[in-house]
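Below, each chain spelled out in residue letters.
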Amino acid sequence: MPLEIPCFIGRFLLQSKSDILSTLDEKVSKADEKIKVLEGNKSYLERSVKESEDNIREMLTQRQASK
């Protein structure tokens, strides 16, 4: 189908195929950026949890050794 043929979006919106594709490309690029940010947050939080678990283990070991 040629890019400039109007297409229906939903019920009432009429846009050309090229407009639709550019909008979808923008949404994909924004979603990719959000994924990168969220993956960075995930790895930071995983490291934080691991560090907290190690600290708790160390505190328990010290407490048991002092008894």
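Model, not experiment: these values are computed from the prediction.

### So, the pattern of salt bridges
Then, in step 1: Taken as a whole, this structure holds two salt bridges when the rule is applied.
Then, in step 2: As a salt-bridge pair, Asp54 and Lys50 come within 3.5 Å of each other at their nearest N and O atoms. You can see Asp54 and its partner Lys50 sitting in helix 1 (residues 17–66), four residues apart, about one turn around the helix.
Then, in step 3: By relative accessible area, Asp54 is classed as partly exposed at 34%.
Then, in step 4: Where Arg57 meets Asp54, a salt bridge forms, and the shortest distance between an N and an O atom there is 3.2 Å. With Arg57 and Asp54 both in helix 1 and three residues apart, this pair spans about one turn of that helix.

### Some thoughts on the confidence of the model for the protein chain
Then, in step 1: Summarising the model, the protein chain shows a mean pLDDT of 87, and 82% of its residues fall at 70 or more.
Then, in step 2: The secondary-structure element of the protein chain with the lowest mean pLDDT is strand 1 (residues 6–9), recorded at 66, while helix 1 shows the highest, at 94.

### Notes on the environment of Thr61
Then, in step 1: With respect to the secondary-structure elements, Thr61 resides in helix 1.
Then, in step 2: The exposed category is assigned to Thr61, whose relative accessible area is 52%.
Then, in step 3: A distance of 2.8 Å separates the side chain of Thr61 from the backbone oxygen of Arg57, its partner in a polar contact.

Cut-offs applied
- Residues numbered from 1 in each chain as written.
- Predicted model: local features only at pLDDT ≥ 70, side-chain atom pairs only at ≥ 80, totals over all residues.
- Heavy atoms only, no water.
- Salt bridge = Lys/Arg side-chain N within 4 Å of Asp/Glu carboxyl O.
- Helix = DSSP H or I, 4+ residues; strand = E, 2+ residues; numbered from the N terminus.
- Buried < 20%, exposed > 50% of the residue type's maximum accessible area, 1.4 Å probe, protein only.
- pLDDT = per-residue confidence, 0-100.
- Polar contact = N/O pair within 3.5 Å; in protein donor to acceptor, adjacent residues only side chain to side chain.

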